[in-house]
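Topology and contacts: notes
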Amino acid sequence: MKKYALAIHGGAGTILRSSMTLEKELSYKNALQLAIETGELILKNGGTALDAVEAAVMSLENNPLFNAGKGAVFTHDGTHELDASIMSGIDLSAGAVAGVRGIKNPVGLARAVMEKSEHVLLSGAGAEAFAKKVNAEFMPDDYFFVQMRYEQWQQAKASDSIVLDHTVNPEKKFGTVGAVALDMNGNLAAATSTGGMTNKKHGRVGDTPIIGSGTYANNATCAISCTGHGEFFIRSVVAHDISCLMAYKGLSLQEACEVVVMDKLVKIGGEGGLIALNTMGTIVLPFNSEGMYRASVKQGEASYIGIYKD
Ligand code: ASP
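Per chain, the residues get numbers from 1 upward, laid out in the order the sequence is written. At least 70 in pLDDT is required for a residue's local features to be given in this predicted model, at least 80 for side-chain atom pairs to be given and counted, and no such filter applies to totals for whole chains, interfaces and linings, which use all residues. The basis for the side-chain values is all heavy atoms of the structure; hydrogens and waters are excluded.

Thoughts on the overall build of the protein chain
The condition that has to hold: We count a stretch as a helix when DSSP gives it H or I for four or more residues in a row; a strand needs E for two or more, and each element gets its number in order from the N terminus. Radius of gyration means the value over C-alpha atoms here, while the globule rule gives 2.2 Å times the residue count to the 0.38 power. We call two residues in contact whenever any of their non-hydrogen atoms come within 4.5 Å of each other. Note on areas: Shrake-Rupley with a 1.4 Å probe; residue coverage comes only from the protein chains shown.
Broken down by element type, the protein chain carries eight helices and 13 strands. Relative to the globule expectation of 19 Å for 310 residues, the C-alpha radius of gyration of the protein chain, 17 Å, shows essentially globular dimensions. For the C-alpha atoms alone, the extent of the protein chain along its principal axes is close to 55 × 45 × 35 Å. Long-range contacts, defined here as pairs at least 24 residues apart, represent 68% of the contacts in the protein chain between residues at least 6 apart. Put simply, the protein chain shows about 11,900 Å² of open surface, and 54% of that area lies on carbon and sulfur atoms.

Right, here's the structure in full:
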């Protein structure tokens, strides 16, 4: 029996102590705590890594603070187009959805694509038709209305810019959410969910639903969930690159993360971070931005919650 481990993120970016109120900090910490406890409960009871990452991500999707599910940012057209993915390290099975509207928990739909379709990635109207078939929960447009996101969109529209979550505050944050887990059977899983970029063009898809870029899990190497400027993460095939550095070059998880996040991404201007875990239960939470909402827990140890560079 392996000892379980779990890590989650709620986005990376310019998250500065100076632009944070104590009250806001506490709400983020409470939300991260709730999500990590939700996932941990599953692992503690002998549940699978896949169930744990799905449940932890759903908890974050249901919280308006994060750019996923309920709190998803506005597109240029004033809609919400959601991306999500999930992957099992046991057999590399994976599922993802891109540009879906009205889905309460896109990560659950990604899992349904993995388990109930013969495909890996479904997008737009086709994904929504599939969602109806598998009885995924739909919500009306006003469920996704969050005043803060609306204001961000108005500012982005006024300057005709396409911005990552919170860029228009002075605080710049990529609010995607994700989780990686190791269960007591020694299996890894990863999941990620996002609303993408504020004011993004209709149809724009980021790294989150791209297996190997925003999400990857393989029992032979690691489980990864990313957050950051998606275009750069796609071009760098970030999650799979870390796995490859471990598999082909023999790097440790820590070393592989350093190379990809602190060197390769930085060189092309890719701001962001990720959460990573291997079957030894090693957790690495690297980011090249000012901060990253993150939390982790290992069996028999107290949980860790972080926001800034410590
Ligand atoms: N990676 C996401 C995207 O580009 C954004 C984020 O991490 O918040 O869609």
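Some remarks on the site of the ligand
What counts is decided by this rule: The criterion for a residue being near a molecule or strand is simple. One of its heavy atoms has to lie within 4 Å of it. Definition of a polar contact: a pair of N or O atoms within 3.5 Å, with one able to donate and the other able to accept a hydrogen when the atoms are protein atoms, and with sequence-neighbouring residues admitted only if both atoms are side-chain atoms. The classification used treats Ala, Val, Leu, Ile, Met, Phe, Trp, Tyr, Cys and Pro as nonpolar, Asp, Glu, Lys and Arg as charged, and all other residues, Gly among them, as polar.
Lining the immediate environment of the ligand, one finds Phe 174, Gly 175, Thr 176, Gly 196, Arg 204, Gly 206, Asp 207, Thr 208, Thr 227, Gly 228 and Gly 230. Between the ligand and the protein, one listed contact pairs an oxygen atom with a side-chain N or O atom of Arg 204 at 2.8 Å. Interatomic distance of 2.9 Å between a backbone N/O atom of Gly 230 and an oxygen atom of the ligand. If the ligand stood free it would expose 270 Å²; the protein chains cover 100% of that surface. Of the residues contributing to the shell around the ligand, the split by class is one nonpolar, eight polar and two charged.

Observations regarding the packing of helix H7 (residues 238-249) against helix H8 (residues 253-268)
Two packed helices can be described by the angle between their axes and the distance between those axes. Counted only if it meets this: Simply put, an axis is a line fit to the C-alpha atoms, just over the touching stretch for a helix, and the angle between two N-to-C directions goes from 0 to 180 degrees. Roughly parallel means an angle under 35 degrees; roughly antiparallel, over 145; roughly perpendicular, 65 to 115; everything else is oblique. Should the near helix be turned counterclockwise from the far one by less than a right angle, the crossing is left-handed, whereas a clockwise turn marks it as right-handed.
Where H7 meets H8, the axes come as close as 9 Å, and the angle between the chain directions of the two elements is 135°. Taken together, the axis directions place H7 and H8 in an arrangement best described as oblique. Considering how the two elements wind past one another, H7 and H8 form a crossing that is right-handed. Along the contact surface, H7 presents Val 238, Asp 241, Ile 242, Leu 245 and Met 246, while H8 presents Leu 253, Ala 256, Cys 257, Val 259, Val 260, Lys 264 and Leu 265. By residue class, the composition of the contact of H7 with H8 is ten nonpolar, no polar and two charged.

Some points on the state of the cysteines
Simply put, the disulfide is a covalent bond whose two ends are the sulfur atoms of two cysteines. The following threshold applies: Note that a disulfide, as used here, is simply two cysteine sulfur atoms within 2.5 Å. Residue exposure (1.4 Å probe, protein chains only): buried if accessible area is under 20% of the type maximum, exposed if over 50%, otherwise partly exposed.
All told, the structure shown has zero disulfides when counted by the stated rule. Residue Cys 226 stays outside any disulfide, its sulfur separated by 9.1 Å from that of Cys 257, the closest cysteine. Free cysteine: Cys 244, not disulfide-bonded; nearest cysteine sulfur from Cys 222 at 9.1 Å. With a relative accessible area of 15%, Cys 244 lands in the buried category.

A short note on the pattern of salt bridges
Heads up, the rule is: Salt bridges are defined by distance alone: a side-chain nitrogen of Lys or Arg within 4 Å of a carboxyl oxygen of Asp or Glu.
Tallied over the entire structure, the rule returns seven salt bridges. Across the salt bridge formed by Lys 264 and Asp 241, the nearest N and O atoms sit 2.7 Å from each other. Within this pair, whereas Lys 264 is found in helix H8, its partner Asp 241 is found in helix H7, the two being separated by 23 residues in sequence. Salt bridges sharing common partners tie together Asp 51, Glu 54, Arg 111 and Glu 115.

As for the sheet that holds strand E10 (residues 272-277)
Backbone hydrogen bonds are what pair the strands of a sheet, in a parallel or an antiparallel way. Our working rule: At least two bridges found by DSSP between two strands are what make those strands a pair.
Spatially, four strands are ordered E8-E9-E10-E11 in an open sheet, and the strand pairing comes out antiparallel. On the outer flanks of this sheet lie strand E8 (215-217) and strand E11 (283-284), each paired with one strand and no other. Bridge count for E10 against E11 is two bridges, and the pairing is antiparallel. Of the residues in E11, the one forming a bridge with Leu 277 is Ile 283. Running over the sheet, H8 touches E10 and E11 and is turned about 165° from E10.

A closer look at the packing of aromatic side chains
Just so we agree on the cut-off: The aromatic pairing rule takes the rings of Phe, Tyr and Trp, using the six-membered ring of Trp, and pairs them if the centres are within 6.5 Å, calling planes under 30 degrees apart stacked, those over 60 edge-to-face and the rest tilted. The criterion for a charge sitting over a ring is simple: Lys NZ or Arg CZ within 6 Å of the ring centre, and within 35 degrees of the ring normal.
Considering all chains together, one arrives at nine aromatic pairs under this definition. For the ring pair Tyr 28 and Tyr 293, a centre distance of 4.1 Å and an interplane angle of 15° mean the geometry is stacked. One end of the pair, Tyr 28, is in helix H1 (residues 22-44); the other, Tyr 293, is in strand E12 (residues 291-298), with 265 residues separating them in the sequence. In this structure Tyr 293 comes out as buried when scored by relative accessible area, which is 0%. When the ring of Phe 66 is compared with that of Tyr 293, the centres are 6.4 Å apart and the planes differ by 85°; the resulting orientation is edge-to-face. Note that Phe 66 is positioned in the loop between helix H2 (49-61) and strand E2 (82-88) and Tyr 293 in strand E12, a separation of 227 residues in sequence. Aromatic ring contacts, followed pair by pair, group Phe 74, Phe 145, Tyr 150 and Trp 153 into a single cluster. If you follow Lys 70 out to its NZ or CZ, it ends over the ring of Tyr 143, 4.6 Å from the centre.

Treat this as a map of the structure, not an account of what it does.
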